[in-house]
Amino acid sequence: MELDDLRRQWQQPEAAGVPAVNTAQLDQLLAGRSEGLVEKMRRNTWYESIVCIVVILAAPLLLLAQPETAIFRVYAVIFEALAIGLLYHYYRQLGLLRRMTRADVNVRAHLGALCAGLRQLLRFYYRLTLATLPLMLLLDLGYFVGRELAHPGSFRWALLGIVSGSFLLLGALAQWGVVVGTRWYLQRLYGQHLDRLEASLAELAEPAPAG
């Protein structure tokens, strides 16, 4: 089906309970017009899910490597919790991507809602990633303060100021790198494909040229 023909069918009044586009036409739109964009995003999500599973299995090794260091125990718990949470996030993301290939409901509302839902999940992923580094820095600073409080003698305020300033400076630089890197990463794995899919849907909704 050509794009102009699909656009004309899209713009026709929809009969109650009848999909605007049938399964074969939607498959052609997703796989042909959009060059398998949904499948690319599903494949990338599976890759990230496998990485999460590896982290879930590997995080307890921190406890075995340094069982007597409190900060390693904290890191192991945090990494384990983050990996489990992200694995659930990928489960929901795969569900949305799987539903994008269905055409048993109103196509316009169906795909529009699913694209919006996927963008919401990606925003959550982005914000969670940005929050991770400041959390780690605060934990490191808290661990340093705890060791200073346990250190015999007076509290070394000057050393605390130097360490805190270093954490702030290095943390700001690292956070900038995380922001830039995460945006590039998400755009490469999902954003560019979602942009093209939404552009195809918007093009179908445009009025056909006169004449």
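Student: Any chance you could explain the overall build of the chain here in plain terms?
Tutor: Broken down by element type, the chain carries seven helices and zero strands. Each helix (α) and strand (β) of the chain, taken in turn from the N terminus, gives the series α-α-α-α-α-α-α. The buried share of the chain, taken over its 211 residues, is 33%. Of the contacts formed within the chain by residues at least 6 apart in sequence, a portion of 76% connects residues at least 24 apart. As displayed, the chain has an accessible area near 12700 Å², and 66% of this comes from carbon and sulfur atoms.

Student: So what exactly am I meant to see when it comes to the environment of Glu198 here?
Tutor: As for its placement among the helices and strands, Glu198 is situated in helix H7 (residues 157-205). On the basis of relative accessible area, Glu198 is assigned to the partly exposed category, the value being 27%. Placed 82 residues apart in sequence, Glu198 and Ala116 show a C-alpha to C-alpha distance of 9.8 Å. The contacts of Glu198, once residues within four sequence positions are left out, are Cys115 and Arg119.

Student: Looking at this model, I keep getting lost on the pattern of salt bridges. Mind explaining?
Tutor: Note on pairing: side chains with opposite charge can pair once their charged atoms come close. For the coordinates displayed, the defined rule picks out three salt bridges. A salt bridge links Asp195 to Arg119; the nearest nitrogen and oxygen atoms lie 2.5 Å apart. Of the two residues, Asp195 is situated in helix H7 and Arg119 in helix H6 (residues 107-150); the sequence distance between them amounts to 76 residues. Taking the relative accessible area as the measure of exposure, Asp195 reaches 33% and is therefore partly exposed.

Student: Before we go on, may I ask you to explain the nonpolar core in this structure?
Tutor: By size, the foremost hydrophobic cluster in this structure holds 25 residues, and its most contacted members are Met100, Leu118 and Leu194. Elements that contribute at least two residues to this core include exactly helix H3 (37-58), helix H5 (70-99), H6 and H7. Of all the elements, H6 adds the most residues to this core, at nine residues.

Student: Explain the packing of aromatic side chains here, please?
Tutor: Aromatic ring pairs: the centre-centre distance and the angle between the two ring planes describe each pair. Taken as a whole, this structure holds two aromatic pairs when the rule is applied. Geometrically, the ring pair formed by Tyr90 and Tyr125 is tilted, given 6.2 Å between the ring centres and 45° between the ring planes. Taken as a pair, Tyr90 in helix H5 and Tyr125 in helix H6 lie far apart in primary sequence, 35 residues in all. Pair check on accessibility: Tyr90 and Tyr125 agree, each one buried.

Student: I tried to follow the environment of Leu122 on my own but got confused; where do I start?
Tutor: The topology assignment puts Leu122 in helix H6. Sequence separation between Leu122 and Gln187 is 65 residues, and the spatial gap between their C-alpha atoms is 9.8 Å. Not counting residues up to four positions away in its chain, the partners in contact with Leu122 are Gln93, Leu186, Tyr190 and Leu194.

Student: So what exactly am I meant to see when it comes to the packing of H3 against H5 here?
Tutor: When two helices pack together, their arrangement is captured by the angle between the axes and the distance separating the axes. The contact between H3 and H5 brings their axes to 9 Å, and the two run at 160°. If you check the angle between H3 and H5, you find them roughly antiparallel. The crossing of H3 and H5 is left-handed. Counting all contacts with H3, which are made through Val38, Met41, Arg42, Thr45, Trp46, Glu48, Ser49, Cys52, Ile53, Val55 and Ile56, the residues of H5 involved are Phe79, Glu80, Ala83, Ile84, Leu86, Leu87, Tyr90, Gln93, Leu94, Leu97 and Arg98. When grouped by side-chain class, the residues that make up the contact of H3 with H5 number 15 nonpolar, three polar and four charged.

Student: Which parts of the structure should I look at to understand a nonpolar patch on the surface?
Tutor: Together, Tyr47, Ile50 and Val54 make up an exposed nonpolar region whose accessible area comes to about 310 Å². If you trace the backbone, Val54 turns up in helix H3.

Student: How do you make sense of the side chain of His89 when you look at a structure like this?
Tutor: By the secondary structure assignment, His89 is in helix H5. Beyond its immediate sequence surroundings of up to four residues, His89 is in contact with Leu121, Phe124 and Tyr125.

Student: Whenever I open this one, the side chain of Ser49 confuses me. Can you help?
Tutor: Mapped onto the secondary structure, Ser49 falls in helix H3. When sequence neighbours within four positions are dropped, the list of residues in contact with Ser49 reads Leu87, Tyr90 and Leu94.

Cut-off values and rules
- Residues numbered from 1 in each chain as written.
- Predicted model: local features only at pLDDT ≥ 70, side-chain atom pairs only at ≥ 80, totals over all residues.
- Heavy atoms only, no water.
- Helix = DSSP H or I, 4+ residues; strand = E, 2+ residues; numbered from the N terminus.
- Buried < 20%, exposed > 50% of the residue type's maximum accessible area, 1.4 Å probe, protein only.
- Contact = heavy atoms within 4.5 Å.
- Areas by Shrake-Rupley, 256 points an atom, 1.4 Å probe, with all protein chains shown as cover.
- Salt bridge = Lys/Arg side-chain N within 4 Å of Asp/Glu carboxyl O.
- Core = buried A, V, L, I, M, F, W, Y, C linked by side-chain atoms within 4.5 Å.
- Phe/Tyr/Trp six-rings, centres within 6.5 Å; stacked < 30°, edge-to-face > 60°.
- Axes fitted to C-alpha atoms, helices over the stretch in contact; angles between N-to-C directions.
- Parallel < 35°, antiparallel > 145°, perpendicular 65-115°, else oblique.
- Left-handed = near helix turned anticlockwise from the far one by under 90°.
- Nonpolar A, V, L, I, M, F, W, Y, C, P; charged D, E, K, R; others polar.
- Patch = residues over 30% accessible without salt bridge, like charges linked within 9 Å, V, L, I, M, F, W, Y side chains within 5 Å.

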